[in-house]
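Chain residues, written in single-letter form:
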Protein chains: 2
Amino acid sequence: MDFFFHPKGIALIGATATPTKGGYAILKNLLTGFKGGIYPVNPRYTEIEGVPCYPSVDQVPDPVDMAIVFVPGRLVPAIVEDCARRGIRGIMIESGGFAESGESGLALQEEVLQVARKHGIRLWGPNCMGLVDAVRGLVFSFVAPTIWENLIPGNVSLIVQSGMLSGAFLIDSMTHGVMGISKVCSIGNKMDVNECELLEYLLDDPDTAAVGLYLESIPDGRRLMDICRQSPKPVVLLRGGKSPRGAAAAMSHTASLAGNGAVIRGCLVQAGVIEAKDFKQMMDICRALAMYPDVRTAGDGRVAVLTYSGGAGIVSADFIHETGLELATLSDDTRTALKSVFPEWMPVSNPVDLWPAVERNGVDRAYGTALASVCADPGVDAVYVHAFTGGFALNLDIDALTSEARAAGKPMAFWLLGRQEDARQFQEEAQARGVPVYREVYRAVECLDAVFERKRMLTSREPAPPETVTPALPEAVRQMLETERGVLEEYRSKQIVGAAGVPIVAEAAVDSVASAREAAERFGFPVVMKGLVAGQVHKTEAGLVRLGIGTAAAVASAFETLRQQIGPEGTVLVQRQEKAELELMAGMVRDPQFGPCVMVGLGGVWAEVLDDVAFAAAPLSRREALNLIGRLRSQRLLNGFRGAAPVDRDVLAQVLVDLGNLGAAYSRVQEIDINPLLINEGKPVAVDATVILS
Amino acid sequence: MDFFFHPKGIALIGATATPTKGGYAILKNLLTGFKGGIYPVNPRYTEIEGVPCYPSVDQVPDPVDMAIVFVPGRLVPAIVEDCARRGIRGIMIESGGFAESGESGLALQEEVLQVARKHGIRLWGPNCMGLVDAVRGLVFSFVAPTIWENLIPGNVSLIVQSGMLSGAFLIDSMTHGVMGISKVCSIGNKMDVNECELLEYLLDDPDTAAVGLYLESIPDGRRLMDICRQSPKPVVLLRGGKSPRGAAAAMSHTASLAGNGAVIRGCLVQAGVIEAKDFKQMMDICRALAMYPDVRTAGDGRVAVLTYSGGAGIVSADFIHETGLELATLSDDTRTALKSVFPEWMPVSNPVDLWPAVERNGVDRAYGTALASVCADPGVDAVYVHAFTGGFALNLDIDALTSEARAAGKPMAFWLLGRQEDARQFQEEAQARGVPVYREVYRAVECLDAVFERKRMLTSREPAPPETVTPALPEAVRQMLETERGVLEEYRSKQIVGAAGVPIVAEAAVDSVASAREAAERFGFPVVMKGLVAGQVHKTEAGLVRLGIGTAAAVASAFETLRQQIGPEGTVLVQRQEKAELELMAGMVRDPQFGPCVMVGLGGVWAEVLDDVAFAAAPLSRREALNLIGRLRSQRLLNGFRGAAPVDRDVLAQVLVDLGNLGAAYSRVQEIDINPLLINEGKPVAVDATVILS
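Read on for an overview of the structure. The numbers attached to residues start from 1 for each chain and follow its sequence in the written order. Working convention: letters from A go to chains and numbers from 1 go to ligands, in the order in which they are written. Given that this is a predicted model, residues contribute local features only at a pLDDT of at least 70 and side-chain atom pairs are listed and counted only at 80 or more, while totals for whole chains, interfaces and linings are drawn from all residues. To get the side-chain values, all heavy atoms of the structure are used, and hydrogens and water are removed first.

## Thoughts on empty space enclosed by the protein
It is a probe the size of a water molecule, rolled over the atoms, that shows where empty space is left.
Then, number 1: In the cavity and pocket records, a cavity denotes points on a 1 Å grid over the protein atoms alone where a 1.4 Å probe fits but cannot get out, a pocket denotes an open set with protein on both sides within 12 Å along at least 5 of 7 lines, and lining residues are residues with an atom within 4 Å of a point. Grid points are joined across faces, edges and corners, and a volume is the space filled by probe spheres set on the points. For the structure shown, the criterion picks out four cavities of 30 Å³ or more.
Then, number 2: When its volume is computed, the largest cavity comes out at roughly 980 Å³.
Then, number 3: Lining the largest cavity are 41 residues, and of these His176, Lys280 and Arg439 of chain A together with Lys280 and Arg439 of chain B lie nearest its centre.
Then, number 4: Of all the secondary-structure elements, those providing two or more residues to the lining of the largest cavity are helix H6 (168-176), helix H11 (279-291), helix H16 (420-432) and strand S20 (437-438) of chain A together with helix H6 (168-176), helix H11 (279-291), helix H16 (420-432) and strand S20 (437-438) of chain B.
Then, number 5: All residues other than Ala, Val, Leu, Ile, Met, Phe, Trp, Tyr, Cys, Pro, Asp, Glu, Lys and Arg, Gly among them, are scored as polar; the first ten of these are nonpolar and the last four charged. A breakdown of the residues in the lining of the largest cavity according to their chemical character gives 13 nonpolar, 10 polar and 18 charged.
Then, number 6: In this structure, the second largest cavity occupies an estimated 160 Å³ of space.
Then, number 7: Lining of the second largest cavity is provided by Lys277, Asp278, Glu440, Tyr442, Arg443 and Glu446 of chain A together with Lys277, Asp278, Glu440, Tyr442, Arg443 and Glu446 of chain B.
Then, number 8: Partitioned by chemical class, the residues of the lining of the second largest cavity number two nonpolar, no polar and 10 charged. By definition, any uninterrupted DSSP run of H or I lasting at least four residues is a helix, any uninterrupted run of E lasting at least two residues is a strand, and each is numbered from the N terminus.

## A few points about the interface of chain B and chain A
Then, number 1: The contact definition used throughout considers only heavy atoms, calling two residues in contact when any of these lie within 4.5 Å. Taken together, the 79 residues of chain B in the interface contact 79 residues of chain A.
Then, number 2: Both sides of the chain B and chain A interface together cover about 6600 Å² of buried area, and 61% of this is carbon and sulfur.
Then, number 3: Salt bridge, as used here: a side-chain nitrogen of Lys or Arg that lies within 4 Å of a carboxyl oxygen of Asp or Glu. Linking chain B with chain A are five salt bridges, by the criterion used here.
Then, number 4: In this structure, Asp172 of chain B engages Arg439 of chain A in a salt bridge whose closest nitrogen and oxygen atoms are separated by 3.0 Å.
Then, number 5: If one sorts the elements of the side of chain B that touches chain A by residue count, helix H12 (residues 310-322) of chain B sits on top with nine residues.
Then, number 6: Taken together, the residues of the side of chain B that touches chain A sort by class into 35 nonpolar, 25 polar and 19 charged. Here the quantity called buried area is the accessible surface, traced with a 1.4 Å probe, that two parts lose on coming together, added over both.

## A look at the sheet that holds strand S1 (residues 9-13) of chain B
Residues and elements named next belong to chain B.
Then, number 1: If DSSP finds at least two bridges between two strands, the strands pair. Spatial strand order, S2-S1-S5-S6-S7: five strands in an open sheet with parallel pairing. Each end of this open sheet is capped by a strand with a single partner; those strands are strand S2 (37-41) and strand S7 (122-124). Each strand axis lies, on average, 20° off the axis of its neighbour in the sheet, ignoring direction.
Then, number 2: Examined bridge by bridge, S1 and strand S5 (residues 66-69) share four bridges and lie parallel to one another. Within S5, the position partnered with Ile13 by the bridge is Val69. Note on method: axes are straight lines fitted to C-alpha atoms, helices fitted across the in-contact stretch only, with angles between N-to-C directions ranging 0 to 180 degrees.

## What about the packing of aromatic side chains?
Residue and element names in this part refer to chain A.
Then, number 1: Each Phe, Tyr or Trp ring (for Trp, its six-membered ring) is paired with any other whose centre lies within 6.5 Å, and the angle between the two planes then decides the class: stacked below 30 degrees, edge-to-face above 60, tilted in between. Scanning the model with the defined rule gives 30 aromatic pairs over all chains in all.
Then, number 2: Judged by centre distance (4.6 Å) and plane angle (55°), the ring pair of Phe319 and Tyr442 falls under tilted. With Phe319 in helix H12 (residues 310-322) and Tyr442 in helix H17 (residues 441-460), this residue pair connects regions lying 123 residues apart in the sequence. Accessibility assignment for this pair places Phe319 and Tyr442 in one class, buried. Using a 1.4 Å probe on the protein chains alone, a residue whose accessible area is under 20% of its type maximum counts as buried, one over 50% counts as exposed, and one in between counts as partly exposed.

Everything listed here is a matter of geometry and, on its own, says nothing about what the molecule does.
Structure representation (structure tokens):
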């Protein structure tokens, strides 16, 4: 892929001298920054902007290894052929008129791709804004040349499925804020080069410390996951199309399919990816993570707040309470140090309100003492400093403060108020020293939270996908998996999941009143009886489930009635009626983007009210299974609610591992749904299950 | 209070010629903007900055009706005496050293207040930054005189319990953004003039269209509520100290008491107050509400999104889905109009992606057609327009677009990206035409949501507190309310709430096996039996509750055992065992700030897991009671979950009205707790209750 990022020479097909056109902007941008060969191609010109222009790509001289194409779509297949003849290895197609514009465009896109594949040419785009590299000063894009006025080199790179993000947004970010950028890759319809390949490239790129992605579709979710889960560099993702209508818009926008939100979210957590929610917020989080990619503090986010405004301190404390962070409890040493700069009457607390200390001791002593003491405090993992600049008697020694925190290895963030010019200078100075500066109280808290969320993820993620352990299934079950199709009824479904390791309820398929009675007596009254018919998944609604059958006579009568209802093909099931302190559910789905995924959630009545489920890609390691359980919101219910035994997490984790292995090993298993998975004295037991085979 | 806002002349006590001191900044600020008499007072000078300086306030010439004090606290009592002698009517004490600095400061504050009350002088502060009035160009504050460089007049006023908000924050807001301001009142320790009085003043102020408050304590919550509930001007509140640690910080900051969050939140909703969460966000919401204080659209927030970036459209749709807004479904007329500017292949949807339309028809026709059609669309209540400026071929006709939307009476908001200078100009132009401009996708959605949240609140709020309807209680119950004290046991508690109108379970206090049996037979088996002892509220834990007693023999045995457990003083209760499809709870608390408040929430096992409760100030109108029920998150459970009957909201609302009237009419009722309030075939019935009398 180096020919896209460091080409020797570029043929610009569709160059023009008309200043309002994209083909002109691309040329201007190339001329401004690119030091290699620049060869405009357009039969209507002999030169543009003093550069010789060629009638066709065949005539372009050496060196040339990359082409940028900005011509109507229908001309592109022939151009790809031309480029192949000329020995060009990569083509960035920035013009539109392909898959995004309906069926004929999609067909054209397919045709272009065929031609390129035939010649071994790589394609970037189409319908994209190409590449901006602020570190090397390269703009391979029709973005307005005003971008050069404020191109700020930095170490955050972006991969974006949106032209806006690589154009207007960049210009905005860099003129309003102090947001350095490394490479911005606009991938458009990503017909060949996609986010996975670019992400791998950027994770190897020495100019990149963190990567932000804006994606509306993740067609190869599993590959993206596997790249991210071993990445030492932070990856932040903003997904477009999370809501039903957002997803509809995404589908019509770039012909994308937004997958099941809960599946994607689960897989991203598993891979250590931080999710963002808005464009600027993504950049702010990337900035923080690029500065603090690998935090090694003792705790997971105990924050000391140093403020010059009691009100801002209070609001910060409120925000910290909302996140995964917590306010640090200051040590006795810290309290003693703070007392030395505080007035007598003032109690020491966190947030540390430094105004009175500054009034008594001056800025340097007050802030310096406070920062040194919290940096030395083993109970503090991060420092949130409020700063005012411009027109206030609060000139912070940025160099001293940032050095102290960096030396202590404690992430620090500034919230800054002040006159615009002064604020910009403060921001530049602090960020050059590796400490991010934010302008809303909440945003700084959110970014510190992301830093520690990543720390927690790094401790728990598996750097490589676990091996699939193929369950040793009895011959009869293997047979079933090979020969059956569609929705299996409950009894057969449980035979499969039971064979894979999941504890299932004591039950028997019975074919006579006598065998029904025998089973009921063996399990103990009361029992449950069910009538099973292939394909019938709504047994309760169909009146095929009898609970609390308390006598042998009732068993006989239930058997007869059920038999009548389901006919000779159906199966009558007698089941122990399990006591349960909690209803869970568990399962496996085969996601089109992320492959087999395991699910665990609250079941029964809780399912419908709490909607508390979590997914992870299978196979699962034991640790991943425990993390998956830990991601449910209803931890209080799992921990033994109202005197109930807590859920045995080891056993439950094993159930999830088993389900994952079953799904990963047997590709015909499309879906498994265990609902309810009852918790009886802490132990899970599958009471009903459905397996769907392809 | 006019002498604070429009004084004829100001004595500045503590004026100084030292430029780094507050007493100098105040003088500079007065000289810059105030046209009345300015009289520095300080025995050490005869003049400062060319203005005659007086040795004491006695010598200050006419006209003078206000004093600003910036001297050490201990000197203040004598100064108040001096001011009284000189005929001064209001004193703004900006210096600190009072209640915020511990016990001796609190005593000093009390002393100052006594002196002022004696002379009928009003006090503003202490420990505050006074007043900034950007419309009239008045700065009665030691805020840095750099504030003048960017003082932008506007129609949003602030009342803030934080110096930062009236100083650094203002300077920041006005230099970075285009945030016009009217009056900013910094109230500090608010020992005399408080937020209620100032709010009343500002709601009458012709220069103020919306008010933002930052408060760390709301000592007279009921009064604040009553002012807000009749206000035609929007009020936005940012509360500091919502989290436990935030509240602790708030208490030490301005000696404030942060009340119960759920009570405050409920009362604010009832009064039509919008809550903000961060400082800039509060300003952004105020700005939107000042522009759209009284929306009259048909719907409550159906938004059309006009975008120039598919990605931004998708992310906007995701955000809209998270709020109380929804994406509008476009009418056939709108679709036809849009098709006229769209390329053939492009389907019409909302968000409306205008890029291809702009490419075909130019900016004015594309945006103009789109905006005109959604403005005429009866299914659209608001328009969210994405704009890029500076370096893009997208020069929107701001005047035409904003006029169209304003004429249609549909709130409109811009999200804007672009080079800083261009962006600022765009923002100024659009905002001068009454349309707010935001720079984060989410913030614009949040502000439009606030506009429609206010619309919904205006339709449902009571403009005046309802009258208390004193419940007609039987003599025995009135007697109980007058003579008893403390925690009443269940039976007596239910006699009280039952008399007030709450349906209670069929039950009888029994004194013999015979009467117990008689009651049980009357109610029908199974019954519940309980042993009641005064002061014992944890009956279940104490083994004093027997459920499911199914026979007369069991009644007899339960009676004997309970009698033994509770002794001769206790009461044995026989109760019908109610079936229930849902457990709620309801009650009344007497909040120190908001007075009697009614609570309703999910009860039983749901209470502990969902934590779903809502409060409102009593007495309640029927409409307010229905709104209160509507504020519970678990509407699915109330609407008839899993085939259960839906909760009869009319009857439940009446229970809440009755509880409110009981609390409002009988001040000795400190607390009422009905838990569970069972729902049986949709109807509420109180099964257990505790009343606490003072």
